[in-house]
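Observations on chain architecture
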Amino acid sequence: MSNLIEKSAAELERVLEQIEQAAEQAAGWLGERDRLIVQAKALGGSHRQIASRSDLSHAGVGKLIARETAPGSGSADVG
């Protein structure tokens, strides 16, 4: 019985580590998406054009751009 409990605990730890890794990757991809949205806007893209490719509403795109380009956000430089 102890072996079964140890296996279960080890499997849980492995899955929890995978969740942590996936969360880190997801955060990285969302950061990249946000950076690209700001860049697309700087290049003249409309909120609707960007929204159709980003899984956001056009209003959501506007809010994201406002948040990411606010003074002090560090994201206004899209070069």
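Remember, it's a predicted structure, so these values are computed and weren't measured experimentally.

Attention now moves to helix 3 (residues 58-69). Compared with an ideal rise of 1.5 Å per residue, which puts twelve residues at 16 Å, helix 3 spans 16 Å between its outermost C-alpha atoms and is within 8% of the ideal. Taken together, the buried positions of helix 3 are V61, G62, L64, I65 and E68. Looking straight down helix 3, one finds that the buried residues subtend no more than 165° of arc, so they occupy a single side.

Here we take up the nonpolar core. In terms of nonpolar packing, the biggest core is built from seven residues, these being I37, V38, I50, A51, V61, L64 and I65. Listing elements by their share of this core, those giving two or more residues are helix 1 (2-42), helix 2 (47-54) and helix 3. At three residues, the largest contribution of residues to this core is made by helix 3. Apart from the residues within four sequence positions on either side, I37 is in contact with I50, S54, L56, V61, L64 and I65.

Our next topic: a negative patch on the surface. Together, E13, E17, E20 and E24 line one region of the surface with negative charge. As for its placement among the helices and strands, E17 is situated in helix 1. E17 gets classed as partly exposed once you look at its relative accessible area, which sits at 47%.

Right, let's get into helix 2. For helix 2, the complete set of buried residues consists of I50, A51 and S54. Within helix 2, the buried residues cover an arc of 100° as seen down the axis, which keeps them to one side. Exposed residues on helix 2 whose side chains face more than 90 degrees from its buried face are R48, S52 and R53. The inward-facing, buried residues of helix 2 abut helix 1 and helix 3. The positive-phi residue at the C-terminal boundary of helix 2 is D55, with phi of around 60°.

Per the stated rule, a full pass over the model turns up five salt bridges. With a closest N to O distance of 2.9 Å, E32 and R35 form a salt bridge. Of this pair, E32 and R35 both sit in helix 1, three residues apart, roughly one helical turn. Assessed through its relative accessible area of 42%, R35 is described here as partly exposed. For E68, the salt bridge goes to R67, with nearest N and O atoms at 3.5 Å. Using a relative accessible area of 47% as the deciding quantity, one classes R67 as partly exposed. One salt-bridge network, in which partners are shared between bridges, spans R33, D34, R67 and E68.

Parameters at a glance
- Residues numbered from 1 in each chain as written.
- Predicted model: local features only at pLDDT ≥ 70, side-chain atom pairs only at ≥ 80, totals over all residues.
- Heavy atoms only, no water.
- Helix = DSSP H or I, 4+ residues; strand = E, 2+ residues; numbered from the N terminus.
- Expected span 1.5 Å × (residues − 1).
- Buried < 20%, exposed > 50% of the residue type's maximum accessible area, 1.4 Å probe, protein only.
- Arc of directions from axis to C-beta.
- Core = buried A, V, L, I, M, F, W, Y, C linked by side-chain atoms within 4.5 Å.
- Contact = heavy atoms within 4.5 Å.
- Patch = residues over 30% accessible without salt bridge, like charges linked within 9 Å, V, L, I, M, F, W, Y side chains within 5 Å.
- Areas by Shrake-Rupley, 256 points an atom, 1.4 Å probe, with all protein chains shown as cover.
- Salt bridge = Lys/Arg side-chain N within 4 Å of Asp/Glu carboxyl O.
- Lys, Arg positive; Asp, Glu negative; His and termini not counted.
- Charge placed at Lys NZ, Arg CZ, Asp CG, Glu CD.

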